[in-house]
Amino acid sequence: MAKPLPMTLTLEPDLAERVREKLTTGGYSSEADVIREGLEALEANDTEIDAWLRTEVGPTVDAVTLGTMKTISIDDVRDALHAHIDELTTTPRLATKR
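Predicted model only: the values in this text are computed from it and were never measured. (Residues numbered from 1 in each chain as written. Predicted model: local features only at pLDDT ≥ 70, side-chain atom pairs only at ≥ 80, totals over all residues. Heavy atoms only, no water.)

The next subject is the confidence of the model for the protein chain. In this model, the protein chain carries a mean pLDDT of 92, and residues with pLDDT of at least 70 account for 92%. Within the protein chain, helix 3 (residues 74–90) has the poorest average pLDDT of any element, 94, and helix 2 (residues 31–66) the best, 96. (pLDDT = per-residue confidence, 0-100. Helix = DSSP H or I, 4+ residues; strand = E, 2+ residues; numbered from the N terminus.)

Tracing the backbone through its elements, the reader meets Lys-22 in helix 1 (residues 13–24). Note: C-alpha distance between Lys-22 and Asp-33 (eleven residues apart in sequence) is 9.7 Å. Those residues in contact with Lys-22, other than ones at most four positions away along the chain, are Gly-27, Tyr-28 and Val-34. (Contact = heavy atoms within 4.5 Å.)

Quick look at a nonpolar patch on the surface now. Taken together, the side chains of Met-7, Leu-9, Leu-11, Leu-15, Ile-35, Leu-39 and Leu-42 define a hydrophobic patch exposed on the protein surface, amounting to about 670 Å² of accessible area. The greatest single-element share of the nonpolar patch, amounting to three residues, is contributed by helix 2. With respect to the helices and strands, the residue Met-7 is situated in the segment before helix 1. Among the residues examined, Met-7 registers a relative accessible area of 69% and is labelled exposed. (Patch = residues over 30% accessible without salt bridge, like charges linked within 9 Å, V, L, I, M, F, W, Y side chains within 5 Å. Areas by Shrake-Rupley, 256 points an atom, 1.4 Å probe, with all protein chains shown as cover. Salt bridge = Lys/Arg side-chain N within 4 Å of Asp/Glu carboxyl O. Buried < 20%, exposed > 50% of the residue type's maximum accessible area, 1.4 Å probe, protein only.)

Further remarks concern the pattern of salt bridges. Applying the stated rule across the entire model yields three salt bridges. A salt bridge links Asp-33 to Arg-36; its shortest N-O distance comes to 2.6 Å. Here Asp-33 pairs with Arg-36, and both are found in helix 2, just three residues apart, close to one helical turn. Residue Asp-33 is classed as partly exposed on the basis of its relative accessible area, which comes to 22%. As a salt-bridge pair, Arg-78 and Asp-75 come within 2.8 Å of each other at their nearest N and O atoms. Note that Arg-78 and Asp-75 are positioned in helix 3 at a spacing of three residues, about one turn of the helix. The partly exposed category is assigned to Asp-75, whose relative accessible area is 44%.

Rendered as C-alpha coordinates:
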(Lines give C-alpha, C1' and ligand atoms only; values in the text may rest on other atoms or scores of the structure.)
Protein backbone atom coordinates (compact mmCIF):
# COMPACT_ATOMS: atom_id res chain seq x y z
CA MET A 1 0.00 0.00 0.00
CA ALA A 2 1.25 3.50 -0.83
CA LYS A 3 2.35 5.79 1.97
CA PRO A 4 -0.63 7.94 3.07
CA LEU A 5 -0.39 11.66 2.35
CA PRO A 6 -1.56 13.99 5.10
CA MET A 7 -4.64 15.97 4.14
CA THR A 8 -6.89 18.31 6.08
CA LEU A 9 -10.56 18.50 5.14
CA THR A 10 -13.23 20.86 6.34
CA LEU A 11 -16.66 19.26 6.26
CA GLU A 12 -20.06 20.78 6.79
CA PRO A 13 -21.50 19.69 10.17
CA ASP A 14 -23.98 17.23 8.65
CA LEU A 15 -21.25 15.50 6.62
CA ALA A 16 -18.90 15.34 9.60
CA GLU A 17 -21.68 13.77 11.66
CA ARG A 18 -22.33 11.17 8.97
CA VAL A 19 -18.63 10.23 8.96
CA ARG A 20 -18.67 9.96 12.77
CA GLU A 21 -21.77 7.75 12.61
CA LYS A 22 -20.00 5.40 10.21
CA LEU A 23 -17.08 5.16 12.64
CA THR A 24 -19.21 4.58 15.73
CA THR A 25 -21.22 1.78 14.12
CA GLY A 26 -17.99 -0.15 13.75
CA GLY A 27 -18.09 -0.53 10.00
CA TYR A 28 -14.98 1.58 9.47
CA SER A 29 -11.74 1.96 11.36
CA SER A 30 -10.88 5.49 10.18
CA GLU A 31 -12.21 8.56 8.43
CA ALA A 32 -9.99 7.62 5.48
CA ASP A 33 -11.83 4.28 5.18
CA VAL A 34 -15.18 6.10 5.01
CA ILE A 35 -13.91 8.48 2.35
CA ARG A 36 -12.24 5.65 0.39
CA GLU A 37 -15.47 3.65 0.20
CA GLY A 38 -17.43 6.75 -0.83
CA LEU A 39 -14.94 7.50 -3.60
CA GLU A 40 -15.01 3.89 -4.78
CA ALA A 41 -18.82 4.05 -4.97
CA LEU A 42 -18.63 7.28 -6.99
CA GLU A 43 -16.08 5.75 -9.36
CA ALA A 44 -18.24 2.66 -9.85
CA ASN A 45 -21.22 4.88 -10.61
CA ASP A 46 -19.14 6.91 -13.07
CA THR A 47 -18.07 3.68 -14.79
CA GLU A 48 -21.70 2.56 -15.13
CA ILE A 49 -22.78 5.93 -16.51
CA ASP A 50 -19.91 5.95 -19.01
CA ALA A 51 -20.85 2.46 -20.20
CA TRP A 52 -24.53 3.48 -20.54
CA LEU A 53 -23.55 6.56 -22.54
CA ARG A 54 -21.35 4.47 -24.87
CA THR A 55 -23.73 1.55 -25.35
CA GLU A 56 -27.16 3.20 -25.21
CA VAL A 57 -27.12 6.96 -25.56
CA GLY A 58 -24.41 7.33 -28.20
CA PRO A 59 -25.90 4.82 -30.62
CA THR A 60 -29.38 6.30 -30.11
CA VAL A 61 -28.15 9.82 -30.86
CA ASP A 62 -26.35 8.50 -33.94
CA ALA A 63 -29.48 6.70 -35.17
CA VAL A 64 -31.65 9.78 -34.67
CA THR A 65 -29.07 11.97 -36.41
CA LEU A 66 -28.90 9.57 -39.37
CA GLY A 67 -32.69 9.33 -39.51
CA THR A 68 -32.73 5.59 -38.94
CA MET A 69 -34.71 5.88 -35.70
CA LYS A 70 -38.14 7.40 -35.45
CA THR A 71 -38.68 10.01 -32.78
CA ILE A 72 -41.92 11.18 -31.20
CA SER A 73 -42.44 14.64 -29.79
CA ILE A 74 -43.30 14.96 -26.13
CA ASP A 75 -46.61 16.57 -27.11
CA ASP A 76 -47.54 13.51 -29.19
CA VAL A 77 -46.57 11.19 -26.33
CA ARG A 78 -48.64 13.23 -23.87
CA ASP A 79 -51.65 13.26 -26.22
CA ALA A 80 -51.43 9.49 -26.75
CA LEU A 81 -51.17 8.83 -23.03
CA HIS A 82 -54.16 11.06 -22.25
CA ALA A 83 -56.20 9.38 -24.97
CA HIS A 84 -55.32 5.96 -23.57
CA ILE A 85 -56.21 7.03 -20.02
CA ASP A 86 -59.50 8.49 -21.25
CA GLU A 87 -60.28 5.22 -23.03
CA LEU A 88 -59.51 3.19 -19.91
CA THR A 89 -61.63 5.37 -17.65
CA THR A 90 -64.65 5.65 -19.96
CA THR A 91 -64.86 2.03 -21.16
CA PRO A 92 -67.26 -0.01 -19.00
CA ARG A 93 -65.60 -3.00 -17.40
CA LEU A 94 -67.10 -6.44 -17.20
CA ALA A 95 -67.87 -7.72 -13.75
CA THR A 96 -65.88 -10.73 -12.67
CA LYS A 97 -67.32 -13.69 -10.79
CA ARG A 98 -66.07 -14.25 -7.29
